[in-house]
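# Structural features, examined
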Amino acid sequence: MAEEVNFLELAALLKVTPNTVLERFGSSINASIFDASNIAGSLKQKGLIDFTAYYPGPNEIVVTEGGKMLIAEAEAKSAQPFDQLDEAILSQLSGGKRIPKDLQNSLNLRPKDLALRLYKLSKQGFMIYELKSGGIDLLLTETGFLKVGAHHPAEQKATASPPQTAAASSLPEQTAMPGMSTVQESDALSSQQSRQGASPAGSQQNPQNAGEPLKLYGKPLVKSSKMPLLITAIVLVIIIAYAFYQHLI
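A few points on the structure.

Procedures and definitions
Residues numbered from 1 in each chain as written. Predicted model: local features only at pLDDT ≥ 70, side-chain atom pairs only at ≥ 80, totals over all residues. Heavy atoms only, no water. Helix = DSSP H or I, 4+ residues; strand = E, 2+ residues; numbered from the N terminus. Expected span 1.5 Å × (residues − 1). Buried < 20%, exposed > 50% of the residue type's maximum accessible area, 1.4 Å probe, protein only. Arc of directions from axis to C-beta. Axes fitted to C-alpha atoms, helices over the stretch in contact; angles between N-to-C directions. Parallel < 35°, antiparallel > 145°, perpendicular 65-115°, else oblique. Left-handed = near helix turned anticlockwise from the far one by under 90°. Contact = heavy atoms within 4.5 Å. Nonpolar A, V, L, I, M, F, W, Y, C, P; charged D, E, K, R; others polar.

On to helix α3 (residues 33-45). The end-to-end C-alpha distance of α3 is 18 Å, a good match for the 18 Å that 13 residues give at a rise of 1.5 Å each. Considered for burial, the residues of α3 that qualify are A36, I39, A40, S42 and L43. Down the axis of α3, the sector holding all buried residues measures 160 degrees, keeping them to one side. In α3, the exposed residues that point more than 90 degrees away from the buried face are I33, F34 and Q45.

If you want it as C-alpha cells, here you go:
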C-alpha cells in the first residue's frame, strides 16, 4: 500500500511529530477536521501511521516502520543529481500545472515516483509546496524558473519582408480606380501599354509648339474643316463666269 502514496500524503506524513495528536492534526496540515481525518485515515490504511481511537481523546499519531522507511527513501532520493525527469516536471510547473494530480496525468508517472521527485525538487530549492484546505499547491522558485529557462531558452524569430524580384520592381505602380472591376482594369492597362508602345521611345514633343498649327514652306496649313467650303466657292465662281460669257455671245 505504501507504493500508492501520493505527494499530499507524503507531505502530511512529514508533518507528524512525536507530540502530534489526531484532534489537532488539521492545524498541522492547514486543513479542516474532516479533511485531516480523511488524510490520516488514508495514511493509516497504507500502513504509514497509526493512532488510537479513544474518546474523547487525545489520540496520539505514531509513524510506523513503513512510514519511516518512506521518509528515509525520500531523503535519499532528494540527494541525487538533477536529471531529465526533474527537468520535465519543472517544465510542466512553468507551464501552469500547480496540482500533483495534473502533473501525474501529464507525465503518466506513478504517484509515489512523482511524490519522491517533487520532494527532491523542494529540498533542492527548485520549488515549494503549500498545504491548504485538504490539498496541496506547487510553486516554482526563482531558482527553478531559471533552471528550466536555461534548458529551454526562448527562440526569437526575426520577421523579414520577402525580397522583391527585378521584374516586380520594374512594373509601374498601379492604383485601382474605385468602382472598376478586374476586367476593366486589365483593359485600361492594355490600352495604356498600346499607346506607350505606338510612340517612338526617342520622340519627344516640344511643349512650346504644342498649340501651333503645322506649317508648309513657312505658311500655316488650312485646317481640313475649311477645305470643302473653299472648293465650293471656287466652283460657283467658275459656273457664274461661264454663264455670263455664254450670255454675251
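Attention now goes to unusual backbone geometry. Across the junction of Y55 and P56, the peptide omega takes the value 5 degrees, indicating a cis bond. Topologically, P56 is positioned in the loop between β1 (49-51) and β2 (61-63). Although it is not a glycine, N30 sits at a positive phi angle of roughly 55 degrees. Relative to the assigned elements, N30 resides in the loop between α2 (25-28) and α3. One non-glycine residue, S133, adopts positive backbone phi at about 55 degrees. Topologically, S133 is positioned in the loop between β3 (127-132) and β4 (135-140).

At a closest axis distance of 11 Å, the pairing of helix α5 (residues 84-94) and helix α6 (residues 100-107) adopts a crossing angle of 120 degrees. Here α5 is positioned oblique relative to α6, judged by the angle of their axes. Crossing handedness for the pair α5 and α6: right-handed. Packed against α5, whose contacting residues are A88, I89, Q92 and L93, the element α6 presents L103, S106 and L107 at the interface. Taken together, the residues of the contact of α5 with α6 sort by class into 5 nonpolar, 2 polar and no charged.

Fair warning: the whole summary comes from geometry, so function is off the table for now.
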